[in-house]
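Analysis of the macromolecular model
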Amino acid sequence: MNAYDVDVQEAGPQALASSLMESGALQSNWLPAYEAVPRHLFVPDVIWPGRAGMNRQDDRVIRSDEPDDWWAAVYRDAPITTQWDDGAYTGPGKGRMPTCSNSMPTMVFSMLNALSVDTGQRVLEIGTGTGWNAALLCQRLGSENVMTVEVDEANARDARERIRGAGFHPKCIVGDGAEGYPPGAPYDRVIATCSIGSVPLTWIEQTRPGGVIVAPWGPTYGGEAVARLTVADGGTASGPFIGSSAFMRLRQQRKSLPPKSAYLTGAGGTRSRTALSPDDVGDWLHMFVIGLQVPALFCRVESGADGAYRLWLYDTEVTSWAVADYEKGRIEYDVAQYGPRNLWDELETAWRWWDGRGRPGFDRFGLTVTPDGETAWLDSPDSPVPVTER
Ligand SMILES: C[S@@+](CC[C@H](N)C(=O)[O-])C[C@H]1O[C@@H](n2cnc3c(N)ncnc32)[C@H](O)[C@@H]1O
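Keep in mind the model is a prediction, meaning the values are calculated, not measured.

**Notes on the overall build of the chain**
- Each helix and strand in the chain was counted, giving 9 helices and 18 strands.
- Its C-alpha radius of gyration of 22 Å places the chain within 12% of the 21 Å reference for a compact globule of 390 residues.
- The dimensions of the chain, computed from C-alpha atoms along their principal axes, are 65 × 55 × 40 Å.
- The buried share of the chain, reckoned over its 390 residues, is 50%.

**A look at the pattern of salt bridges**
- Tallied over the full model, the rule gives 16 salt bridges.
- Residue Arg364 is joined to Asp379 by a salt bridge in which the shortest nitrogen-to-oxygen separation is 2.8 Å. Within this pair, whereas Arg364 is found in the loop between helix 9 (343–356) and strand 17 (365–370), its partner Asp379 is found in the segment after strand 18 (373–378), the two being separated by 15 residues in sequence.
- When salt bridges that share partners are traced, they join Asp86, Asp152, Arg251 and Arg254 into one network.

**Let's talk about the domain arrangement of the chain**
- What the domain assignment reports for the chain is domain 1 (3–102), domain 2 (105–253) and domain 3 (260–356).
- Here domain 2 and domain 3 have C-alpha centroids that lie 35 Å from each other.
- Contact residues are listed per partner, giving 12 residues for domain 2 and 14 residues for domain 3.
- The largest per-residue losses of area from domain 2 upon contact with domain 3 belong to Thr220, Tyr221 and Gly223, which jointly make up 63% of the total buried on that side.
- Where domain 2 packs against domain 3, one counts 0 salt bridges.

**Here's the deal with the layout of surface pockets**
- Its boundaries defined by the atoms lining it, the second largest pocket holds a volume of some 320 Å³.
- Contributing to the lining of the second largest pocket are 18 residues, with Gly197, Trp217, Pro219, Pro295 and Glu374 lying nearest its centre.
- Those elements that place two or more of their residues in the lining of the second largest pocket are helix 8 (284–293) and strand 18.
- Counting residues per element, the lining of the second largest pocket draws most heavily on strand 18, at 3 residues.
- Looking at side-chain class alone, the lining of the second largest pocket contains 8 nonpolar, 7 polar and 3 charged residues.

**Details of the pairing of strand 8 (residues 187–192)**
- Where burial is concerned, most of strand 8 is hidden: 6 out of the 6 residues are buried.
- When strand 5 (residues 123–126) meets strand 8, the two strands line up parallel, connected through 4 bridges. Looking at strand 8, one finds that Ile126 is bridged to Ala192.
- Sheet topology places strand 8 next to strand 9 (residues 207–217); 4 bridges connect them, and they run parallel. When the sheet's bridge partners are listed, Val190 is paired in strand 9 with Ile213.

**Comments concerning helix 5 (residues 132–141)**
- Burial of helix 5 is extensive: 8 of the 10 residues sit out of reach of the surface.
- Those residues of helix 5 lying buried are Trp132, Asn133, Ala134, Ala135, Leu136, Leu137, Cys138 and Leu141.
- With its phi angle positive at about 95°, Gly142 sits one or two positions after the end of helix 5.

**Here we look at the packing of aromatic side chains**
- Summed over the entire model, instances satisfying the criterion amount to 20 aromatic pairs.
- By way of ring pairs, the aromatic residues Trp217, Phe241, Phe288, Trp353, Phe362 and Phe365 are connected into one cluster.
- A cation over an aromatic ring shows up here: Arg140 above the ring of Trp30, its NZ or CZ 4.8 Å from the ring centre.

**Focus: the environment of Pro295**
- Inspection of the secondary structure assignment puts Pro295 in the loop between helix 8 and strand 13 (297–303).
- For the pair Pro295 and Val385, spaced 90 residues apart in the sequence, the C-alpha separation amounts to 11 Å.
- Contacts of Pro295, omitting those with residues within four sequence positions, involve Thr220 and Val387.

What counts, and where the lines are drawn
- Numbering of residues starts from 1 in each chain and follows the order in which that chain's sequence is written.
- Totals for whole chains, interfaces and linings use all residues, but because this is a predicted model, local features are given only for residues with pLDDT of at least 70 and pairs of side-chain atoms are given and counted only at 80 or more.
- Here the side-chain values reflect all heavy atoms present in the structure, with hydrogen atoms and water set aside.
- Only DSSP runs of H or I covering at least 4 residues are called helices, and only runs of E covering at least 2 are called strands; the numbering of each starts at the N terminus.
- The reference for a compact globule is 2.2 Å times residues^0.38; the radius of gyration itself is calculated from the C-alpha atoms.
- Working definition: with a 1.4 Å probe on protein chains only, accessible area under 20% of the residue-type maximum means buried, over 50% means exposed, and in between means partly exposed.
- By definition here, a salt bridge exists when the distance from a side-chain nitrogen of Lys or Arg to a carboxyl oxygen of Asp or Glu is within 4 Å.
- For every domain, the bounds stem from an assignment made automatically or drawn from a database.
- Contact definition: two residues touch when any of their heavy atoms are within 4.5 Å.
- Two parts placed together each lose some accessible area under a 1.4 Å probe, and adding up what both lose gives the buried area.
- For cavity detection a 1 Å grid was placed over the protein atoms alone, and a set of points counts as a cavity when a 1.4 Å probe fits there but cannot get out; an open set counts as a pocket when protein lies on both sides within 12 Å along at least five of seven lines, with lining residues being those that have an atom within 4 Å of a point.
- Grid points are joined across faces, edges and corners, and a volume is the space filled by probe spheres set on the points.
- Polarity classes work like this: nonpolar for Ala, Val, Leu, Ile, Met, Phe, Trp, Tyr, Cys and Pro, charged for Asp, Glu, Lys and Arg, and polar for all others, with Gly in that last group.
- Strands qualify as paired when DSSP identifies two bridges or more between them.
- Side-chain rings of Phe, Tyr and Trp (the six-membered ring for Trp) are treated as a pair once their centres are within 6.5 Å; stacked means planes under 30 degrees apart, edge-to-face means over 60, and tilted covers the remaining angles.
- Only when the NZ atom of a Lys or the CZ atom of an Arg is both within 6 Å of the ring centre and within 35 degrees of the ring normal do we say a charge sits over the ring.

If you want it as structure tokens, here you go:
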């Protein structure tokens, strides 16, 4: 162990706590749990450190080879990827898709705040992952009040060992969290630490009226935000989004999108020009508001020379596609649309709806879930976000 290693081990937890408290993510009611359940006990020896606010991972770090880098990653406010491709990729570099992580501390404590737990409440967590969040909940509420479900057997086994090693004994279940965990119901709180494209009704059914569900939710097009839903009678739940997020998808809801080759290139179609730059519709919030309004849309980007690119739009039902070409310095952009739907027009209408309302952020949107479906809204449940007719 060298000097730097010792410094980070000793100073890291306190320095991270101070910065989380300063930002307001860690509040005093969660500080005892933060101190009693140190993050390093839940980070595996082999990791791919992430970057705060970015969907990017550094190269693999092995604790025994690079202890300084390992400790620095643990006490940085950033997510840490701990598994790729459901465990199929373990090499250096990166796999295709990150499938487990120890989440960014700011996100962990913001979601725990949003859960607003109280002594004696029963909580169901979906996505045990490394076990840190479950252990934090155990420290706050008592192990007997915490159930946590993990779909991946290896993750579940390792997490259970870490949680037990830290002195807690919640109910650890291996299974599909979309089914909840009926034997432990009713819950006062449900927290998902993997994202969803639709809220499983089982979570609502297993939560008592007045209870709260906190879950990252994102439409097919992209963008994602944490929803805080309050459960009402009749299998319904409603509440606001509290801020953007970027979690791994619940395994059973992973997006499986058709390949480009599934779309007929076909003759015909329409050509036009637009003043709306493809570059102005591509950030996380834009994707979210477009995805709310055009639910069956997805996109791919094809890079060209000198920063130019082509934005491809497809509908998931494989009827229509469109392209919009971006080039630096232009004030109008070429668009081509094929099939019964004019996908660029739909996207542009959605963007202009959002622009016309003063460009609201994630936290002005909300979601209502009933047994008949989901409705996104702006500012209040009686102002539904318009959805493109198909
Ligand atoms: C971001 S990690 C969870 C972080 C975790 N709470 C922690 O404290 O480390 C997401 C986890 O959700 C799990 N997951 C994905 N689909 C799931 C499902 N259907 N049921 C339960 N867990 C699932 C993944 O295997 C992964 O371990």
